[in-house]
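Overview (structure and organization)
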Amino acid sequence: MTNYYGYYEEVPTAPAFDEQNAGGALGWDSEIENESNFILLKPGEYDFQVVDLIRGYYNGGDKMGPCPKATVVMTVRGPEGEVQLKHNLYLHTKCEGLLSAFFLGIGMKKHGERLRMDWDNVIGKTGRCMVGIRTYNGKEYNEVKSILDRRPGDPAPQNQQQMSFQVPAGGGYKAGQF
């Protein structure tokens with residue numbers, strides 16, 4: 001095969017492709033049928049569960065200076081199906097109300113109380129959000145407009161993933177051992 005620079009290059013061959021056990025990967029000669037699995041939810045209130053957290057950094061702009069950024073990945077369930085939405089939260093004093101709304105919504109903060117944000121424990125938490133539609137380059141996409149307060153009677157937030165850590169017999173950490 002000729003590469004970008006114009007000389008012949010040996011391309012390594014992949015092992016035999018097993019489509020049944022590929023976990024969604026397609027082979028070069030696989031058959032395809034589905035045209036789209038994109039779901040657009042109607043604007044409204046929906047239940048969500050936090051499934052991932054991506055820590056990043058915002059370089060700043062005209063309205064706000066540089067700061068850490070948390071991208072919360074949520075699974076939102078609606079009658080049309082389940083979608084994953086990303087919701088950016090900026091760790092800046094100008095966005096403190098939005099941060100409070102998020103932690104109130106997932107039950108980790110109480111009204112009127114201070115909170116040390118515990119990002120390590122947001123995955124698995126549930127809440128409700130207002131979903132809207134935004135248009136970008138002529139296409140419509142869902143976006144999280146706001147995180148809603150927990151309603152009276154909502155169950156206490158639970159983490160879906162419970163992790164337990166056990167200290168090994170003999171004391172735990174030993175320098176130089178991995």
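For every chain, the first residue of the written sequence is number 1, and numbering continues from 1 along that sequence. Confidence filtering applies because this is a predicted model: local features only for residues at pLDDT of at least 70, side-chain atom pairs given and counted only at 80 or more, and all residues used for totals across whole chains, interfaces and linings. Values reported for side chains reflect all heavy atoms of the structure, with hydrogen atoms and water molecules removed beforehand.

1. Here we look at the packing of aromatic side chains
Between 30 and 60 degrees the pair is tilted, below 30 it is stacked and above 60 it is edge-to-face, where a pair is any two Phe, Tyr or Trp rings, Trp via its six-membered ring, whose centres lie within 6.5 Å. Taken as a whole, this structure holds 5 aromatic pairs when the rule is applied. Centroid distance F102 to F103: 5.2 Å. Interplanar angle 75°. Geometry classified as edge-to-face. With respect to class, F102 is no different from F103; both count as buried. Ring geometry for F103 versus W119: centroids 5.0 Å apart, planes at 70°, classification edge-to-face. One end of the pair, F103, is in helix α1 (residues 96-105); the other, W119, is in the loop between α1 and β4 (126-136), and 16 residues separate them in sequence. Considered together, F103 and W119 belong to a single accessibility category, that of buried residues. An aromatic cluster of at least three residues, connected via ring pairs, comprises F102, F103 and W119. Only protein chains enter the calculation, and the probe is 1.4 Å; a residue is then buried if its accessible area is under 20% of its type maximum, exposed if over 50%, and partly exposed in between. Here a strand is any run of E in DSSP of at least two residues, a helix any run of H or I of at least four, and the numbering for each starts at the N terminus.

2. Describing the nonpolar core
Among the buried residues, those of types Ala, Val, Leu, Ile, Met, Phe, Trp, Tyr and Cys that are joined through side-chain atoms within 4.5 Å form a nonpolar core. Ranked by size, the top nonpolar core spans 22 residues in total, and within it F48, V72, M74, V76, F102, W119 and V122 carry the most contacts. Elements represented by at least two residues in this core include exactly β1 (44-58), β2 (67-78), β3 (81-90), α1, β4 and β5 (139-148). Only heavy atoms enter the contact rule, under which two residues are in contact if any of them lie within 4.5 Å. In this structure V72 touches V50, D52, L53, L85, K86, H87, L89, F102 and W119, once residues within four positions along its chain are discounted.

3. Some details on the pairing of β4
Being paired, for any two strands, means DSSP has found at least two bridges between them. Relative to β4, β1 is paired through 6 bridges, and the arrangement is antiparallel. Within β4, the residue paired with F48 across the bridge is G127. Pairing of β4 with β5 involves 9 bridges; the strand directions are antiparallel. Among the inter-strand pairings, V131 is bridged to a residue of β5, identified as V144.

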